[in-house]
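Here's the letter readout for the chains.
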Amino acid sequence: MVRESIQCWFKEKLDESNAELKKEIDDVNKKLDKHIDSGAKKDMKDLRHDILDFSDRITEGSKPSKDAFTHTFDIAVDYHNLIEEYNLTNGVIDIEMENIKKKYAELYLNKKDN
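Note that this is a predicted model, so its numbers are computed, not measured.

Student: Mind showing me how you'd approach the side chain of Ser 55 here?
Tutor: Tracing the sequence through the fold places Ser 55 in helix α1 (residues 2-59). Given a relative accessible area of 1%, Ser 55 falls into the buried group.

What follows is the structure, given as structure tokens:
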């Protein structure tokens, strides 16, 4: 009887301890998710800014290198991956990327000297 009582007491304490530990883990996970979300949003804003800035520069007559275009194409992929991961919408960047692709084609595709 005493043994069963001690086992029951230990089980209760373990259950309480597990419940407290689970709550603490859940709290940490919520904070981590919030931190990741805010970091991802900052990343999206930064990538969006870079794309818009690049588009503005070529609209104003700048002639970026092929590498600069490639970098912009890469960050557009990163931007779209974040958009998809967080189920967000996009419209402006798609339009800007079409303009960037057209300018790249105009400057570098089908030219024998490049």
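Moving on, there is more to tell.
Student: What is the right way to read the packing of aromatic side chains from this model?
Tutor: Going through the model one piece at a time under the given rule, you end up with six aromatic pairs. Their ring planes at 75° and their centres at 5.9 Å tell us that Phe 69 and Tyr 108 sit as a pair that is edge-to-face. With Phe 69 in helix α2 (residues 66-85) and Tyr 108 in helix α3 (residues 92-108), this pair connects stretches of sequence that are 39 residues apart. Overall, the relative accessible area of 0% leaves Phe 69 in the buried class. Tyr 108 gets classed as buried once you look at its relative accessible area, which sits at 11%. Feature note: the residues Phe 54, Phe 69, Phe 73, Tyr 104 and Tyr 108 constitute an aromatic cluster, connected by ring pairs.

Student: Could you clarify how one ought to interpret the pattern of salt bridges in this entry?
Tutor: Under the defined criterion, the tally for this structure stands at six salt bridges. Two residues, Asp 46 and Lys 42, come together in a salt bridge whose shortest N-O distance is 2.7 Å. Taken together, the residues span about one helical turn, with Asp 46 and Lys 42 both in helix α1 at a distance of four residues. With a shortest N-O distance of 3.1 Å, Lys 103 and Glu 106 are connected by a salt bridge. Remark: Glu 106 and Lys 103 occur in helix α3; sequence separation between them is three residues, near one turn of the helix.

Student: Sorry if this is basic, but what is going on with α2 here?
Tutor: One turn of an α-helix holds 3.6 residues; hence residues three or four places apart share an orientation. For α2, spanning 20 residues, the distance from its first C-alpha to its last is 29 Å, which sits close to the expected 28 Å at 1.5 Å a residue. Remark: Asn 87 follows α2 within two positions and exhibits a positive phi of approximately 50°.

Reading guide: rules and limits
- Residues numbered from 1 in each chain as written.
- Predicted model: local features only at pLDDT ≥ 70, side-chain atom pairs only at ≥ 80, totals over all residues.
- Heavy atoms only, no water.
- Helix = DSSP H or I, 4+ residues; strand = E, 2+ residues; numbered from the N terminus.
- Buried < 20%, exposed > 50% of the residue type's maximum accessible area, 1.4 Å probe, protein only.
- Phe/Tyr/Trp six-rings, centres within 6.5 Å; stacked < 30°, edge-to-face > 60°.
- Salt bridge = Lys/Arg side-chain N within 4 Å of Asp/Glu carboxyl O.
- Expected span 1.5 Å × (residues − 1).

Limitation: the analysis is restricted to geometry and does not speak to function.
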